[in-house]
Amino acid sequence: MLWGDSVALVTGASRGIGKAIAEALCAKGARVYLCARNLEAVTAAAREISCGGGAAVGLQMDVGRPDEVKSGIQAILREAGRIDILVNNAGIRRDKLLVRTQDCEWQEVLDANLSGSFYCTRQAIAAMSRQRYGRIVNVGSVVAFTGNAGQANYAAAKAGLVGLTRSAAREYASRGVTINLVAPGFIETDMITSLPEPVRRQILAAIPMGRLGSPREVADTVAFLASPEAGYITGQVLHVNGGLYA
Ligand code: NAP
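Rules used in this analysis
- Position numbers for residues start from 1 in each chain and track the written sequence from start to end.
- pLDDT decides what is reported in this predicted model: residues at 70 or higher carry local features, side-chain atom pairs at 80 or more are listed and counted, and totals for whole chains, interfaces and linings draw on all residues regardless.
- To obtain the side-chain values, all non-hydrogen atoms of the structure were included, while hydrogens and water were left out.
- Segments assigned H or I by DSSP are reported as helices when at least four residues long, segments assigned E as strands when at least two residues long, and all are numbered from the N terminus.
- Only protein chains enter the accessibility calculation, which uses a 1.4 Å probe. A residue is then buried if its area is under 20% of the maximum for its type, exposed if over 50%, and partly exposed in between.
- Pairs of residues are marked as contacts when any of their non-hydrogen atoms sit within 4.5 Å.
- Residue exposure ignores everything except the shown protein chains as possible cover, and the areas themselves are Shrake-Rupley values with a 1.4 Å probe.
- For the purpose of charge, His is not counted, nor are the chain termini; Lys and Arg are scored as positive and Asp and Glu as negative.
- By convention, the charge on Lys lies at NZ, on Arg at CZ, on Asp at CG and on Glu at CD.
- Within this document, salt bridges are pairs made up of a side-chain nitrogen of Lys or Arg and a carboxyl oxygen of Asp or Glu, the two lying within 4 Å of each other.
- Stacked, tilted and edge-to-face pairs are distinguished by plane angle, under 30 degrees for stacked and over 60 for edge-to-face with tilted covering the rest, among Phe, Tyr and Trp rings (Trp via its six-membered ring) whose centres lie within 6.5 Å.
- The criterion for a residue being near a molecule or strand is simple. One of its heavy atoms has to lie within 4 Å of it.
- Under this definition, polar contacts are N or O atom pairs within 3.5 Å; protein pairs additionally need one hydrogen-donor-capable and one acceptor-capable atom, and for neighbouring residues in sequence, both atoms have to be side-chain atoms.
- Classes in brief: Ala, Val, Leu, Ile, Met, Phe, Trp, Tyr, Cys and Pro nonpolar; Asp, Glu, Lys and Arg charged; the others, Gly included, polar.

1. Side note on the overall build of the protein chain
Stage number 1. Counting secondary structure elements, the protein chain contains 9 helices and 7 strands.
Stage number 2. With the C-alpha coordinates aligned to their principal axes, the bounding extent of the protein chain is approximately 50 × 35 × 35 Å.
Stage number 3. Per-residue burial for the protein chain yields a buried fraction of 49% across its 246 residues.
Stage number 4. Considering only contacts within the protein chain whose residues lie at least 6 apart along the sequence, 73% involve residues at least 24 apart.
Stage number 5. Just so you have it, the protein chain exposes about 11,500 Å², and 51% of that area is on carbon and sulfur atoms.
Stage number 6. Distance between charge centroids for the protein chain: 4 Å, based on 26 positive and 21 negative side chains.

What follows is the structure, given as structure tokens:
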């Protein structure tokens, strides 16, 4: 498989880490589909990336809705004929102490961060299996390993993603499909800039490198695991966190 023949889907790609991943894959030569719930924002992101010379297409798709995932991935297969790379990046957080977390806030976070990755994987992996080639990269989080007060829903969803990654990797290794997980620490995106200043200061103090990571640093790691060269790596977790968790 050559980068220039590859077709990729990056979920949650209208901004932040997902957009940087889409840009990195596009720069390698892949045809990249970007999805998010807000069509206007994801179309604008795709247009911006295409200006760099690659092929990028925006798609409205809520990963927490299996019907939308099914029709979205079927549309990609109809148009592009194949799907080689799936990056399950879409995610949200609804931080609250455990006892104050409402059922809907628990469910919403699980739907976007965990069930969404399952729906997309289930839909794409059938095509990858037929092709005898595929790369799936899940975007997890350091809090799956450390836990974090106020993030029981988010940490549980991201920990579930580790189990999904390892199980799917074992099921599909013989079909040429690799499934790995990149676990970012704290990365400079809207998800972090929305945190109160004292919390940001506390986070920075805990990072041995003394700085937040950039979306590009996560994107380059994902691009490596999504590359044809990473064919003997599967079921692994790769941490990108400035030494925060080692
Ligand atoms: P972000 O800036 O908030 O962007 C999230 C993206 O996901 C947006 O494009 C959003 O667009 C999309 N999205 C959210 N829910 C969706 C859904 N149900 N279906 C489809 N798209 C959806 O977040 P980020 O910081 O780039 O984070 C990206 C991933 O990295 C997430 O999985 C996050 O948990 C993980 N992560 C981030 C950090 C960090 O420090 N930033 C650290 C560890 C892990 P719409 O709202 O239009 O759908």
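From this point, the discussion proceeds with the structure in view.
2. Digging into the pattern of salt bridges
Stage number 1. For the structure on display, the rule yields 14 salt bridges.
Stage number 2. A salt bridge links R93 to D95; the nearest nitrogen and oxygen atoms lie 2.7 Å apart.
Stage number 3. R93 sits in the buried class, given a relative accessible area of 19%.
Stage number 4. Overlapping salt bridges bring together E188, E197, R200 and R201 as one network.

3. Considerations on the packing of aromatic side chains
Stage number 1. Throughout the structure, instances matching the rule amount to 2 aromatic pairs.
Stage number 2. On the basis of an interplanar angle of 50° and a centroid distance of 5.7 Å, the ring pair of F118 and Y119 is categorised as tilted.
Stage number 3. Classification of Y119 by relative accessible area gives buried; the value is 18%.

4. So, the site of the ligand
Stage number 1. Every one of the 30 residues lining the ligand counts as a neighbour, but S14, N89, Y154, I187 and T189 are closest to it.
Stage number 2. Taking D62, its side chain carries an N or O atom lying 2.9 Å from a nitrogen atom of the ligand.
Stage number 3. Summarising the interface, the protein chains cover 95% of the accessible area of the ligand, which totals 890 Å² for the free molecule.
Stage number 4. Of all the secondary-structure elements, those providing two or more residues to the shell around the ligand are α1 (16–28), α6 (152–172) and α7 (190–193).
Stage number 5. Ranked by residues supplied to the shell around the ligand, first place goes to α7 with 3 residues.
Stage number 6. Looking at side-chain class alone, the shell around the ligand contains 14 nonpolar, 11 polar and 5 charged residues.

5. Examining unusual backbone geometry
What you tend to see is this: most non-glycine residues have negative phi, and most peptide bonds are trans.
Stage number 1. With phi around 60°, R132 is a residue other than glycine that occupies positive phi space.
Stage number 2. Positionally, R132 belongs in the loop between α4 (103–131) and β5 (134–139).
Stage number 3. Take R132: its relative accessible area is 48%, and that puts it in the partly exposed class.

6. What to know about the environment of E229
Stage number 1. With respect to the helices and strands, E229 occurs in the loop between α9 (215–225) and β7 (237–240).
Stage number 2. Judged by relative accessible area, E229 falls into the exposed class, the value being 63%.
Stage number 3. With 124 residues separating them in the primary sequence, E229 and E105 have C-alpha atoms 40 Å apart.

7. What to know about the environment of L98
Stage number 1. The residue L98 is located in the loop between β4 (85–88) and α4 in this model.
Stage number 2. Take L98: its relative accessible area is 63%, and that puts it in the exposed class.
Stage number 3. For the pair L98 and T221, spaced 123 residues apart in sequence, the C-alpha separation works out to 32 Å.

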